[in-house]
Every structure is written in C-alpha cells, then in structure tokens.
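# Results of the structural survey
Take a look at the letters that make up each chain.
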Amino acid sequence: MNRRFLCFAAPLLLGLSLAGCMSGDHAHNAGPVSVDNAVVYPPLPGRDVALGTFVLKSNSGADDVLLSASSPVSDRVEIHTHVREGEVMKMRRLDSLDIPAGAAVTFERGGYHLMMFGAELPSGAKIIPVTLTFKTAGNVTVSAAVDGRADAGDKAMDHSGH
Ligand SMILES: [Cu+2]
C-alpha cells in the first residue's frame, strides 16, 4: 500500500521541489534524482534516533552529490556510512556523498543510511517527509513510509555510542 502511494507521490513532490530550485549554473542539467523505497525506522524504545533508508538514482546523465538531509520530525539528520574496523562495524558521518550518473546508491542497514537525531515521530504517522539536498538537483522531498518493525535486537539500530 505504502509503496504504491510512494510511487505516485515521489514524482509529484520531485516536480514541486525542482520548480522551486531552478537557480544555479546547472539548472538546465537538473534531471530528476529518483528516490525509491524510502523508509524511516522509528527509534527504539527510550531512544530518539531514527534510521532512514532508500535507493537514490541520478537520472540526469550527470553526477550529483548528496549534500545534506532534513526532516521536520528530527532535530538533525546526518549521512552515515559503515566502515569495518577490525571485527567491528562502526558508523561514520559523511559530509557529502557522490551519486554517480545512472548508478543506484542504496541506503540500508549496515551501509549508507540516514541517521535522524532527536527524532519524534507523530504517533500513528504512516508517512514522514524527508528532504534530501543535492548539489545539482537541489531539494528533493520524499514521503518515507514509517516501518513498524523496529527490531530491538538489531545492533545496527544501536546508536548509544553517538
Ligand atoms: Cu548511523
């Protein structure tokens, strides 16, 4: 259900956001960046950090760069990756992330992901707006489906070290 909604909502929101950000030298090149399967995983009980996952694709024929992200339900959203240090996977904040032309970049548990600090999801919310800011494409706002399956045993969701 949510996925179907997103398929229709994402192009609409994308169109709206592109119309609002046609400034910049590369505006004529600003093909759509598609954001598919956007999901927000709510914080674990007692925590206030949510996780955001999706698949990004630059369809413009040119590289783009994801610069930042934000959401009205979160104080601060960071772009994270996981790096292996010995036998431990650690998260690291990225200042930006290159999105090569035509390539899908997957945000997921254990890989690139959005970390949403100070997250307070409205109770019962099924959809959370998340705005991604790209160097070329500007702001792209997607409606992320709220996943109800927050897994208390998942280490990837344990951000007590932050
Ligand atoms: Cu993280």
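Because the structure is a prediction, the values reported are computed rather than measured. (Residues numbered from 1 in each chain as written. Predicted model: local features only at pLDDT ≥ 70, side-chain atom pairs only at ≥ 80, totals over all residues.)

## Digging into the overall build of the protein
- Across its full length, the protein carries 1 helix and 10 strands.
- For the protein, the sequential pattern of α-helices and β-strands runs α-β-β-β-β-β-β-β-β-β-β.
- By residue count, 28% of the 162 residues in the protein fall in the buried class.
- Within the protein, contacts between residues at least 6 apart in sequence are counted, and of these 71% link residues at least 24 apart. (Helix = DSSP H or I, 4+ residues; strand = E, 2+ residues; numbered from the N terminus. Buried ≥ 20, exposed ≤ 12 C-beta atoms within 10 Å, placed from the backbone. Contact = placed C-beta atoms within 7 Å.)

## Looking at the confidence of the model for the protein
- On average, residues of the protein score 80 in pLDDT, and 72% of them reach the 70 mark or higher.
- For residues 1-31, every residue scores under 50 in pLDDT, and the model assigns this stretch 33 contacts once sequence neighbours within four places are set aside. (pLDDT = per-residue confidence, 0-100.)

## Description of unusual backbone geometry
- Phi at Asn37 is positive, roughly 55°, even though this residue is not glycine.
- On the secondary structure map, Asn37 appears in strand β1 (residues 33-41).

## Details of the environment of Asp98
- Along the chain, Asp98 falls in strand β6 (residues 97-99).
- Sequence-wise, Asp98 and Val65 are 33 residues apart; in three dimensions their C-alpha atoms are separated by 4.5 Å.
- Excluding residues within four positions of it along the chain, Asp98 makes contact with Asp63 and Val65.

## Considerations on the pairing of strand β10 (residues 138-146)
- Bridge analysis of β1 against β10 gives 2 bridges, and the strand direction is parallel. Looking across to β10, one finds that Val39 is bridged to Ala145.
- Here strand β9 (residues 127-134) pairs with β10 via 8 bridges, running antiparallel. Along β10, the bridge assignment pairs Val130 with Val142.
- Connecting β9 to the antiparallel partner β10 that follows it, the hairpin turn spans 3 residues. (Pairing = 2+ DSSP bridges.)

## Some points on the pairing of strand β5 (residues 88-94)
- Among the 7 residues that make up β5, 0 are buried, leaving the element largely open to the surroundings.
- The hairpin turn running from strand β4 (residues 76-85) into β5, its antiparallel successor, is 2 residues long, and Gly86 in that turn takes a positive phi close to 65°.

## Structural notes on the environment of Ala145
- Locating Ala145 in the fold gives a position in strand β10.
- Judged by local crowding, Ala145 falls into the partly exposed class, with 19 C-beta atoms found within 10 Å.

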